[in-house]
Every structure is written in C-alpha cells, then in structure tokens.
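Observations on chain architecture
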Amino acid sequence: NIFTYADLTVDTQKRTVYRNHIEIPLIPKEFTILEHLIRNQGIVISREQLENRIWNYEYSGSSNNIDVYMSRLRKKIDGDFSVKLIHTIRGVGWVLRENETSAT
C-alpha cells in the first residue's frame, strides 16, 4: 500500500503523499493521477489511460481537464523541488521519472 519513488512516498491506504518528508495535500482526482503514475513509474501513461482511470468511462472528445489536473499536481509535487519527477512526453502522455532529458 506504500509506494516510494525517489523522495516521493504515496500511501494508497491512508491516501497521503509526502515529498522529502513533507506532507502534500491532494484532492481526490490529483491523488488518483499520482497513484496511477507511481504504480507505473517509468512507464509513459497516455491521456486516454488517465481519463479512463479518473472518470471510469470511455471518454470521447477533447478536454483540458487532464491538463488542468496535471498542472496542479506538478505544482504540488515538483514546484518547490529542484528534481522534477512528473514529465510530459509530448504527443504521448506523462511519466514519473527522476531524470528526463527529452521531456518538459
């Protein structure tokens, strides 16, 4: 129930997140996204996979909901830290990685 990556710890049972031993409060959808990323660390997760995971149905059409949640999540998880963990792989999706040379 506890996943750790670099200095990030996610407890899926208690629904708590810590980075460098500092608790980071997340809203439920942010937590679900982060949980999916940490369970699949190092694997690029597509927009469609996240939409299906968060809203639990096949999503059709375009929406910036995922972009909004990812932006908020990045600010909370990476904002105050020099090492960024959440990376965008342009045209593909997002990945939880410590070092990323071709992402933003």
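Before reading further, recall that the structure is shown in the block above.
Residues numbered from 1 in each chain as written. Predicted model: local features only at pLDDT ≥ 70, side-chain atom pairs only at ≥ 80, totals over all residues. Heavy atoms only, no water.

Observations concerning the packing of aromatic side chains
Going by this rule: By convention, a stacked pair of Phe, Tyr or Trp rings (six-membered ring in the case of Trp) has centres within 6.5 Å and planes under 30 degrees apart, an edge-to-face pair has planes over 60 apart, and any other such pair is tilted. In this scheme, the term charge over a ring applies when either NZ of a lysine or CZ of an arginine sits within 6 Å of the ring centre and within 35 degrees of the ring normal.
If you walk through the whole model with that rule in mind, you get zero aromatic pairs. A cation over a ring is seen here: R72 above Y69, with NZ or CZ 6.0 Å from the ring centre.

Side note on the pattern of salt bridges
Put simply, the rule reads: Salt bridge criterion: a side-chain nitrogen from Lys or Arg within 4 Å of a carboxyl oxygen from Asp or Glu. Working definition: helices are DSSP H or I runs of at least four residues, strands are E runs of at least two. Numbering for both runs from the N terminus. Relative accessibility decides the category of a residue: with a 1.4 Å probe and only protein chains considered, values under 20% of the type maximum give buried, values over 50% give exposed, and everything between is partly exposed.
Taken as a whole and assessed by the stated rule, the structure comprises five salt bridges. E30 is the partner of K76 in a salt bridge, and the nearest nitrogen-oxygen pair spans 2.7 Å. Of this pair, K76 sits in helix 3 (residues 65-78) while E30 sits in helix 1 (residues 28-39); the two residues are 46 residues apart in sequence, bridging distant segments of the chain. With relative accessibility at 1%, the residue E30 sits in the buried group. A salt bridge links E35 to R39; the shortest N-O distance between them is 3.0 Å. Here E35 pairs with R39, and both are found in helix 1, just four residues apart, close to one helical turn. Judged by its relative accessible area of 42%, R39 falls in the partly exposed class. One network of salt bridges, with partners in common, ties together D7, R19 and D78.

So, the pairing of strand 6 (residues 86-89)
Rule in force here: DSSP calls a pair of strands paired once it identifies at least 2 bridges connecting them.
Neither face of strand 6 is left uncovered, since the one carrying I86 and T88 and the one carrying H87 and I89 both have all their residues buried. For strand 6 and strand 7 (residues 93-96), the ladder comprises four bridges, and the chain directions are antiparallel. Within strand 7, the position partnered with I86 by the bridge is L96. Here strand 6 hands over to strand 7 after three residues, with G91 in that stretch at a positive phi of 80°.

Comments concerning the nonpolar core
The condition is simple: Remark: nonpolar core denotes a set of buried residues (Ala, Val, Leu, Ile, Met, Phe, Trp, Tyr, Cys) joined through side-chain atoms within 4.5 Å. The contact criterion used is simple: two residues touch if any of their non-hydrogen atoms lie within 4.5 Å.
Grouped together as the largest cluster of nonpolar side chains are 23 residues, with contacts concentrated most on L8 and V17. Among the secondary structure elements, those contributing two or more residues to this core are strand 2 (8-11), helix 1, helix 2 (47-55), helix 3 and strand 7. If we skip the residues at most four places from it in the chain, L8 touches F3, V17, Y18, R19, L34, I38, I77, L85 and L96.

A few points about the environment of D7
Which entries qualify depends on this criterion: As used in this structure description, the phrase polar contact means that two N or O atoms lie within 3.5 Å; if the pair is within protein, one of them must be able to donate a hydrogen and the other to accept it, and residues adjacent in sequence are counted only when both atoms belong to side chains.
By the element assignment, D7 lies in the loop between strand 1 (2-5) and strand 2. The class of D7 is partly exposed, set by a relative accessible area of 28%. Not counting chain neighbours up to four residues away, the residues in contact with D7 comprise Y18, R19, N20, F81 and L85. In terms of polar contacts, D7 uses its side chain to reach the side chain of R19, at 2.6 Å.

That's the geometry; what it means functionally is another story.
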